[in-house]
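What follows is the residue order along each chain.
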Amino acid sequence: MTPAREDLITRTIDSVAGSKQAIIHMYNATSPLFRDVVFKNSKEETIQLAAKHTELVRRLTEECTAKYGTVFRYEYSPETFSQTEPEFSVKICDAVKAAWEKAGTDTLNKIIFNLPATVEISPPNHFADLVRGSHPHKLPRAHLSAGGIFSYSHIRA
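Residues numbered from 1 in each chain as written. Predicted model: local features only at pLDDT ≥ 70, side-chain atom pairs only at ≥ 80, totals over all residues. Heavy atoms only, no water.

(A) Local environment of the nonpolar core. Counting residues in hydrophobic clusters, the biggest one holds 23 residues, and the most contacted among them are Ile9, Ile13, Met26, Val57, Tyr74, Tyr76 and Ile92. Mapped by element, the contributors of at least two residues to this core are helix H1 (6–16), strand E2 (21–29), helix H3 (43–68), strand E3 (71–79), helix H4 (86–100) and strand E4 (111–114). In contact with Tyr74, other than residues within four places in its own chain, are Ile24, Met26, Thr54, Val57, Val96, Trp100, Lys110, Ile111 and Ile112. (Core = buried A, V, L, I, M, F, W, Y, C linked by side-chain atoms within 4.5 Å. Buried < 20%, exposed > 50% of the residue type's maximum accessible area, 1.4 Å probe, protein only. Helix = DSSP H or I, 4+ residues; strand = E, 2+ residues; numbered from the N terminus. Contact = heavy atoms within 4.5 Å.)

Here it is as structure tokens:
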């Protein structure tokens, strides 16, 4: 698990080089509070950050696989998902999928999207409604599966 920071992504991949299999789980904060106050990033800058670092993970894992044979999967979390606008969550996950470029029919190429309730500021039913799609600003139903973890590989672009 690594934040979307080049130095930490590199160290994370280096630490599992040579293992048989590994999941690299990258995250970045996406909620308005983190975007505006902590990082002072626009929505577009936040999307670019996630896409740029996903491309880095892709390149480094491909190099590691070629050198050591390690088989990688990729997991992405829009950290603070439960406080992020649902339509923005979909937009950033779409950008991550495009940057990963591997979401095919092979299970190993599917992206795992983890939708975390990073900070509990609302009752559990609010988070459940976001994930299930019954919230007034629901995520498109096709993007979700049980447990709030979904894969884009079976969704046509």
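There's more to say after this.
(B) Region of interest: a nonpolar patch on the surface. Among the surface-exposed residues, Leu33, Val37, Val38 and Phe39 lie close enough to one another that they form a single nonpolar patch of about 390 Å² accessible area. Counting through the fold element by element, Val38 comes out in helix H2 (residues 32–38). The exposure class of Val38 is partly exposed, given its relative accessible area of 49%. (Patch = residues over 30% accessible without salt bridge, like charges linked within 9 Å, V, L, I, M, F, W, Y side chains within 5 Å. Areas by Shrake-Rupley, 256 points an atom, 1.4 Å probe, with all protein chains shown as cover. Salt bridge = Lys/Arg side-chain N within 4 Å of Asp/Glu carboxyl O.)

(C) Region of the structure containing the confidence of the model for the protein chain. Confidence in the prediction for the protein chain averages 81 pLDDT; 76% of positions are at 70 or higher. Low confidence marks residues 134–157, where pLDDT is under 50. Its contacts with residues over four positions away, or in another chain, come to 56 contacts. (pLDDT = per-residue confidence, 0-100.)

(D) Structural detail: the packing of H3 against H4. Closest axis-to-axis distance for the H3/H4 pair is 8 Å, and the angle between their directions is 30 degrees. It follows from the interaxial angle that H3 and H4 lie roughly parallel. Where H3 crosses over H4, the two elements pack in a sense that is right-handed. Where H3 approaches H4, its residues Lys43, Thr46, Ile47, Ala50, Ala51, Thr54, Glu55, Val57, Arg58 and Thr61 are matched on the opposing element by Phe88, Lys91, Ile92, Ala95, Val96, Ala99 and Trp100. Looking at the contact of H3 with H4 residue by residue, the classes come out as ten nonpolar, three polar and four charged. (Axes fitted to C-alpha atoms, helices over the stretch in contact; angles between N-to-C directions. Parallel < 35°, antiparallel > 145°, perpendicular 65-115°, else oblique. Left-handed = near helix turned anticlockwise from the far one by under 90°. Nonpolar A, V, L, I, M, F, W, Y, C, P; charged D, E, K, R; others polar.)

(E) Looking closely at the environment of Ser82. Note that Ser82 resides in the loop between E3 and H4. For the pair Ser82 and Leu115, spaced 33 residues apart in sequence, the C-alpha to C-alpha distance is 7.6 Å.

(F) Up close: the packing of aromatic side chains. Going through the model one piece at a time under the given rule, you end up with three aromatic pairs. An angle of 80 degrees between the planes, with centres 6.3 Å apart, marks the rings of Tyr76 and Phe113 as edge-to-face. Remark: Phe113 occurs in strand E4 and Tyr76 occurs in strand E3; sequence separation between them is 37 residues. Under the relative-accessibility criterion, Phe113 is labelled buried at 0%. Sitting above the plane of the Phe88 ring, Arg35 keeps its charged end 4.7 Å from the centroid. (Phe/Tyr/Trp six-rings, centres within 6.5 Å; stacked < 30°, edge-to-face > 60°. Lys NZ or Arg CZ within 6 Å of the ring centre and 35° of its normal.)

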